[in-house]
Amino acid sequence: MEQLFFIGFAFMAVVAAVGVISLRNPVHGALSLIVCLLQVAAIFVLLRSPFLAVVQVFIYVGAVMVLFLFAVMVVDLRRVELESPFNARGIFAYILAPIAVIEIFAVIFVSKSFDAFTTVATLPTKIETLARVLFTEYLFPFEIVSVLLLVAMVAAIVMTLKKGRS
Amino acid sequence: MPSIDTLIVVGVMLLKVLIIGGALFCAPLPLTWIERKLAGRIQQRLGPHRVGPFGLLQPLADMIKMFVKEDIVPAKADSFLFKLAPILAMAPIFAIFVVVPFGPDITIPFIDYKVSLYITDMNVGIIFVLAISGLAVYGLIFGGWASNSKYAMLGGMRSTAQMISYEVAMSFAAVGVVMMSGSLSLVDIVTSQSGGFLNWNILYLPVGPLWFVIFLIAGLAEMNRIPFDMPEDEGSLAAGYHVEYSAMRFAFLSLAEYVAMVSIAVLLVVFFLGGWDNPLGSLIPILDYVPPVFWFMGKVGAFIYFFMWLRFTIPRYRYDQLMTIGWKIMIPLSLANILATGMIKIYADYRITDVLEMVGLKLW
Amino acid sequence: MVDIIKTVITRVLFLDFIKGLLVTLKYTLSRSITLKYPDHETWIPYERFRGEHKLHRNEDGRELCVACELCVAACPTDCITVVPMEDETGRRGINDRVAKVWEVNLVRCLYCGYCEDACPTTAVRLSRGFELACTDLDGTIREREALLTESPIPEHYEGGVVVKAKYIRKLIQIKPELWKQKDWWPAKPGRSKKR
Ligand code: SF4
Ligand code: SF4
């Protein structure tokens, strides 16, 4: 039963992910990305971590994608749709993408941390445990990530400031 | 073959979903009538009074009108997204009610079967509520964008910006609730406030009232009602994101708005007013026989009335004022309040009843 | 300093909001000024009201109008047409004369009441009928027969009240029930309705 659900969600996620990169209309692409993220959230639920699932929906679907759409909506669609996907700027992408794919597979097959399929059921489901670990053991990385995000935010604000206006 | 018990559990669950879903679908009918009547009374008019006694059948007449009107899709609209948007606006708001507890467990007499008055009790309930309610904005964005109309587009953009801004404050307020009640599950939040109105989170002095106000204002902004109904500002945007919608799709969008209003009222009651808790505790013995669901509904009704009352009392804010309130007042205020709540939780975690007990006063 | 404290208190406790809400609450509880016109309630104008014309008869049932055409002369918009009729007996006493045609164009009429003032026999008087809507232009001209019918509101009925009304579907007519007065909008003290 569970397997069936997993296959369904995973299949949908992959279809949606393919849609993201193949649909010409950027808003449709964003919609498929939303679908993809929701499927991933569903898979999190299957993995007995509702907290991650809900946070995934909250952060990615609820906030990040809205901002994405905000930017995408103001783009001149007719120009985007006319533009050929095979242009000079794309070359880097065509080189980097296969490398990234190979890398991912390499990590999956080489790394040891992907052998531990059996531990899924024993993962902490209580949010309290999660919070305790996050704020004790992983406090330093957590803080670094926060500072990084803050820096990015300040940078974004600085970049939008017009020159000449002090 | 699953056992009989499982089947019964699934059946009861389905029944609950059907009842709640049906009730929410029908809720806008009386609500529109009440709102129009109230608007009339406030403006010294009568409101609808032609169709049926006291105009009670007016919503039905409106519904028939909506059903039989022509459903127009603008020629250059993105018809797929245009048709999807009303559903996207509606579904998340209905989904909020999956975790809302309407009352304590009840035992059905004769067969001794225990039924809980909520669909599920998620241990991440409050985050689920926030996450799901955040999805409702897609209906507005896609609706606005797919209409291929400047007014609709601007309405959609405005609502996006507004919802994102106020979602931050709302989430902070939810964090405050979690801190005060010490749980993420909505059922636990309600039970943590039981025992009379002095125990409710709104009276968790001194931070409770502030959280309540923050959540109330953010909630008003989230559901796009006056004074924050920027997305449908008639003066500057015609009707905002739903200007191109007609017939049933328009009905769905306004249904979503009404259910959003109900959902905010429900959340306010659950988070701050003790859910189904009897306000006077066991001070007056007779009140113990009032079913708890009644208290819940009464509080929700009071909030809905308040929202409508507000709508016909105050004008809407200007857009920059809206953003100023959101970013420069609400968010710093809630950050400071989180700090204060944490301090109080550590050093002086008392509710009013605790203090009263300490000075030797026992109310109930 | 006191002012600042006052402002802070007002802002923090939302006192201005509450004040506004109380205003609307007061209106919610006050009475509605809307009438369920026309089929439940209707407004009866004051006696001085100038509406549709009516021709009157004396106690014996004789028409008061003697077709002197003074009203025609007085009318600033020329909307009255009077053609006198001379009866076959040949007598031409002023008392015996009646109008053959007496019609008024209600669209051109400006309800100034000059015709009423000019009439030597007080035959034409403006009644309190104001429901003059019609579906074609013929309906705007009132003939003698129609003008001679009695107005539903008696001349000496004191107006300025709301009464119950009934819709008579057969006649497509609204019938005010004059004896069923409604206390509509309480008169301010010191402004009596009675003259
Ligand atoms: S009311 Fe004035 S305008 Fe009308 S018919 Fe009489 S005189 Fe003419
Ligand atoms: S209504 Fe009066 S003024 Fe006019 S013709 Fe008759 S009697 Fe003369």
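Predicted model, so just to flag it, every value in this text is computed and none were measured.

(A) View of the pattern of salt bridges. One pass over the full model with this rule turns up 10 salt bridges over all chains. Linking Glu35(B) and Arg311(B) is a salt bridge whose minimum nitrogen-to-oxygen distance equals 2.8 Å. Of this pair, Glu35(B) sits in helix 2 (residues 28-42) while Arg311(B) sits in helix 12 (residues 292-311), placing them 276 residues apart in sequence. The exposure class assigned to Arg311(B) is partly exposed, which follows from its relative accessible area of 33%. A salt bridge links Arg36(B) to Asp62(B), with the nearest nitrogen and oxygen atoms 2.9 Å apart. Here Arg36(B) is found in helix 2, whereas its partner Asp62(B) is found in helix 3 (residues 58-68), with 26 residues between them in sequence. Put simply, Glu63(C), Arg144(C) and Glu145(C) are held in one network by salt bridges that share partners.

(B) Seen up close, the nonpolar core. Phe97(B), Tyr138(B), Phe271(B), Phe272(B) and Phe307(B) are the most contacted members of the largest nonpolar core, which has 121 residues in total. If one sorts the elements of this core by residue count, helix 11 (residues 247-272) of chain B sits on top with 17 residues. When near neighbours in sequence (up to four residues on either side) are disregarded, Phe272(B) contacts Val177(B), Met180(B), Gln193(B), Trp200(B), Asn201(B), Ile202(B), Gly208(B), Trp211(B), Phe212(B) and Phe215(B). Membership of the second largest hydrophobic core comes to 21 residues, among which are Leu64(C), Cys79(C), Ile80(C) and Val124(C).

(C) Broad picture of helix 4 (residues 79-96) of chain B. Maximal helix bending in helix 4 of chain B amounts to about 30 degrees, located at Ala85(B); proline Pro86(B) follows within four positions. Among the residues of helix 4 of chain B, those classed as buried are Leu81(B), Phe82(B), Ala85(B), Pro86(B), Ala89(B), Met90(B), Pro92(B), Ile93(B), Phe94(B) and Ile96(B). Next to the buried residues of helix 4 of chain B lie helix 2 (26-46) of chain A together with helix 1 (4-26), helix 5 (125-135), helix 6 (137-146) and helix 11 of chain B.

(D) Structural detail: the interface of chain B and chain C. The interface of chain B with chain C comprises 18 residues on the first partner and 19 residues on the second. Both faces combined, the contact of chain B with chain C buries some 1600 Å², and carbon together with sulfur accounts for 65% of it. Sorting the residues of chain B by area buried against chain C places Arg41(B), Gln44(B) and Trp309(B) first, and these three jointly supply 39% of that buried surface. On the surface where chain B and chain C come into contact, there are 1 salt bridge. For Arg50(B), the salt bridge is made with Asp39(C), and the minimal N-O distance between the two is 2.8 Å. At the junction of chain B and chain C, the tally comes to 8 residue pairs in polar contact (both at pLDDT 80 or more). At 4 residues, helix 12 of chain B tops the list of elements feeding residues into the side of chain B that touches chain C. Counted by class, the side of chain B that touches chain C contains 12 nonpolar, 3 polar and 3 charged residues.

(E) Region of interest: unusual backbone geometry. All names here are of chain C. Although it is not a glycine, Glu 69 adopts a positive phi angle of roughly 65 degrees. Mapping Glu 69 onto the fold places it in the loop between strand 2 (53-55) and helix 3 (70-74). Given the relative accessible area of 33%, Glu 69 is considered partly exposed.

(F) The arrangement of the sheet that holds strand 8 (residues 173-182) of chain C in detail. Residue and element names in this part refer to chain C. Ordered in space as 1-7-8, the 3 strands form an open sheet in which the pairing is antiparallel. In this open sheet, the two strands that pair with only one neighbour each are strand 1 (41-44) and strand 8. The mean inter-strand angle of the sheet, taken between neighbouring strand axes irrespective of direction, is 45 degrees.

(G) Structural detail: the site of ligand 2. Around ligand 2, the neighbouring residues are Cys65(C), Val66(C), Ala67(C), Cys68(C), Glu69(C), Leu70(C), Cys71(C), Trp102(C), Cys119(C), Pro120(C), Thr121(C) and Val124(C). Of the residues that constitute the shell around ligand 2, the class distribution is 10 nonpolar, 1 polar and 1 charged.

(H) Here's a closer look at the environment of Val27(A). Considering the arrangement of structural elements, one finds Val27(A) in helix 2. Residue class for Val27(A) comes out buried when judged on its relative accessible area of 1%. When the C-alpha positions of Val27(A) and Val72(A) are compared, they lie 6.6 Å apart, and in sequence the two are 45 residues distant. With near-sequence residues (within four places) excluded, Val27(A) lies in contact with Leu69(A), Val72(A), Leu81(B), Phe142(B) and Trp145(B).

(I) Representation of the packing of aromatic side chains. Residue and element names in this part refer to chain B. Scanning all chains against the criterion turns up 19 aromatic pairs over all chains. Ring plane angle 70 degrees and centroid distance 5.7 Å describe the contact between Phe 294 and Trp 295, whose orientation is recorded as edge-to-face. Under the relative-accessibility criterion, Trp 295 is labelled buried at 16%. Ring geometry for Phe 303 and Phe 307: centres 6.2 Å apart, planes at 35 degrees, overall tilted. Of the two residues, Phe 303 and Phe 307 both sit in helix 12, 4 residues apart, roughly one turn of that helix.

(J) Molecular detail of the side chain of Ser181(B). Secondary-structure assignment places Ser181(B) in helix 7 (residues 150-181). Ignoring anything within four residues of it in the chain, the contact list for Ser181(B) reads Ile189(B), Ser192(B), Gln193(B), Asn201(B) and Arg351(B).

Cut-offs and rules
All residue numbers here refer to positions counted from 1 along the written sequence of the relevant chain. By the order in which they are written, chains take letters starting at A while ligands take numbers starting at 1. Since the coordinates come from a predicted model, pLDDT governs what is reported: local features require at least 70, and pairs of side-chain atoms require 80 or more to be given and counted, while whole-chain, interface and lining totals use all residues. Based on all heavy atoms of the structure, the side-chain values leave hydrogens and waters out of the count. When a carboxyl oxygen of Asp or Glu lies within 4 Å of a side-chain nitrogen of Lys or Arg, that pair is called a salt bridge. In this text, helices come from DSSP runs of H or I with a minimum length of four residues, and strands from runs of E with a minimum of two, each type numbered from the N-terminal end. For every residue, the accessible area (1.4 Å probe, protein chains only) is compared with the maximum for its type, and the residue is labelled buried under 20%, exposed over 50%, or partly exposed between those bounds. The term nonpolar core refers to a set of buried residues drawn from Ala, Val, Leu, Ile, Met, Phe, Trp, Tyr and Cys, joined through side-chain atoms within 4.5 Å. Residue contacts are defined here by distance: any two heavy atoms, one from each residue, within 4.5 Å place the two residues in contact. A residue's bend is simply the angle between two axes: one fitted to the seven residues ending at it, one to the seven starting at it. The term buried area denotes the loss of accessible surface (1.4 Å probe radius) that occurs when two parts are joined, taken as the sum for both partners. Under the rule applied, a polar contact is a pair of N or O atoms within 3.5 Å (in protein, one hydrogen donor and one hydrogen acceptor; residues adjacent in sequence only if both atoms are side-chain atoms). Polar here means any residue outside two lists: the nonpolar Ala, Val, Leu, Ile, Met, Phe, Trp, Tyr, Cys and Pro, and the charged Asp, Glu, Lys and Arg; Gly therefore counts as polar. At least two DSSP bridges between two strands are required for those strands to pair. Here the axes come from fitting lines to C-alpha atoms, over the contacting stretch only for helices, and the angles between their N-to-C directions go from 0 to 180 degrees. For this purpose, a residue is taken to be near a molecule or strand whenever a single non-hydrogen atom of the residue falls within 4 Å of it. Any pair of Phe, Tyr and Trp rings, taking the six-membered ring for Trp, is counted once the centres come within 6.5 Å. Such a pair is stacked with planes under 30 degrees apart, edge-to-face with planes over 60 apart, and tilted for the rest.

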